[in-house]
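Each chain, written out:
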Amino acid sequence: QQPVQSPQAVILREGEDAVINCSSSKALYSVHWYRQKHGEAPVFLMILLKGGEQKGHDKISASFNEKKQQSSLYLTASQLSYSGTYFCGLGGSEKLVFGKGTKLTVNP
Amino acid sequence: DTAVSQTPKYLVTQMGNDKSIKCEQNLGHDTMYWYKQDSKKFLKIMFSYNNKELIINETVPNRFSPKSPDKAHLNLHINSLELGDSAVYFCASSQVVSGSYNEQFFGPGTRLTVL
């Protein structure tokens, strides 16, 4: 089942904060976050596992609410380099199912 | 050193032709994937191999045939190409630990254009 991401797009000025949400209709086992810059491959940001374990970058934070079947990615004090499309992927036993992405644009 | 590499980077071909895309990873991972990203940027898994064994085969036309000669390589052969096959194809790899799937490393992608 494909996760639902919101918002679809967001435009920020440098230094502003953003939250990207990822919701599932099924119980979550793990949530993966990736960022894809235009013309490039997706790059891993973070994994959140059931039970609270997280693996990822120090400068990016995320939450994982098992009860609400939702994950949120927090981008604080955004930089120009944060621009790109952010994908959440729901991890099952064998594969990731990605959402449609959230396009983030950070302007000077 | 490139972790996951794909060749070619661009592929332009006529409808009806057969083409192959190659992928290699030097990370020592045991699982490799093929994804298709369409013009709307939707990233959809096609196939997954674990230690050369096919473990995921999504609803993909049988014109697409993956082959994994060894753990480090996963190739994709496409027969009788159609206009709708135009997309960017990404190869990825990861290491599975105790049934838990870790971060995936993506190759640079192959942009396939079918005319």
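Scroll up to find the structure.
Residues numbered from 1 in each chain as written. Chains lettered and ligands numbered in written order. Predicted model: local features only at pLDDT ≥ 70, side-chain atom pairs only at ≥ 80, totals over all residues. Heavy atoms only, no water.

Draft legend 1. Examining the interface of chain A and chain B more closely. Facing 18 residues of chain A, the contacting portion of chain B comprises 20 residues. Both sides of the chain A and chain B interface together cover about 1,700 Å² of buried area, and 56% of this is carbon and sulfur. Contact with chain B buries area across many residues of chain A, yet Glu-94, Lys-95 and Phe-98 of chain A alone supply 29% of it, more than any other trio. Our enumeration of links across chain A and chain B arrives at zero salt bridges. Where chain A packs against chain B, one counts two residue pairs in polar contact (both at pLDDT 80 or more). Among the secondary structure elements, those contributing two or more residues to the side of chain A that touches chain B are β4 (30–36), β5 (43–49) and β10 (96–98) of chain A. With three residues, β4 of chain A is the single largest residue contributor to the side of chain A that touches chain B. Its residues assigned to classes, the side of chain A that touches chain B comprises nine nonpolar, five polar and four charged. (Contact = heavy atoms within 4.5 Å. Buried area = accessible area lost by both parts, 1.4 Å probe. Salt bridge = Lys/Arg side-chain N within 4 Å of Asp/Glu carboxyl O. Polar contact = N/O pair within 3.5 Å; in protein donor to acceptor, adjacent residues only side chain to side chain. Helix = DSSP H or I, 4+ residues; strand = E, 2+ residues; numbered from the N terminus. Nonpolar A, V, L, I, M, F, W, Y, C, P; charged D, E, K, R; others polar.)

Draft legend 2. Structural view of the nonpolar core. Ranked by internal contacts, the top residues of the largest apolar core, which has 21 residues, are Val-31, Trp-33, Leu-45, Leu-73, Leu-75, Tyr-86 and Leu-104 of chain A. Counting only elements with at least two residues in this core, the list comes to β3 (18–23), β4, β5, β7 (61–65), β8 (70–75), β9 (84–91) and β11 (102–107) of chain A. Trp-34, Leu-74, Leu-76 and Tyr-89 of chain B belong to the second-largest nonpolar core, a separate cluster that totals 19 residues. (Core = buried A, V, L, I, M, F, W, Y, C linked by side-chain atoms within 4.5 Å. Buried < 20%, exposed > 50% of the residue type's maximum accessible area, 1.4 Å probe, protein only.)

Draft legend 3. Quick peek at the state of the cysteines. Scanning the entire structure with this criterion turns up two disulfides over all chains. A sulfur-sulfur distance of 2.0 Å marks the disulfide that ties Cys-22 of chain A to Cys-88 of chain A. On the sign convention where negative means left-handed, the S-S torsion of about 70° between Cys-22 of chain A and Cys-88 of chain A marks this disulfide as right-handed. Within this pair, whereas Cys-22 of chain A is found in strand β3, its partner Cys-88 of chain A is found in strand β9, the two being separated by 66 residues in sequence. Side by side, Cys-22 of chain A and Cys-88 of chain A carry an identical accessibility label, which is buried. Covalently, Cys-23 of chain B is tied to Cys-91 of chain B through a disulfide, its sulfur atoms 1.8 Å apart. Around the S-S axis, the bridge from Cys-23 of chain B to Cys-91 of chain B shows a dihedral of about -75° and counts as left-handed. Of this pair, Cys-23 of chain B sits in strand β3 (residues 19–25) while Cys-91 of chain B sits in strand β9 (residues 87–94), placing them 68 residues apart in sequence. (Disulfide = S-S within 2.5 Å.)

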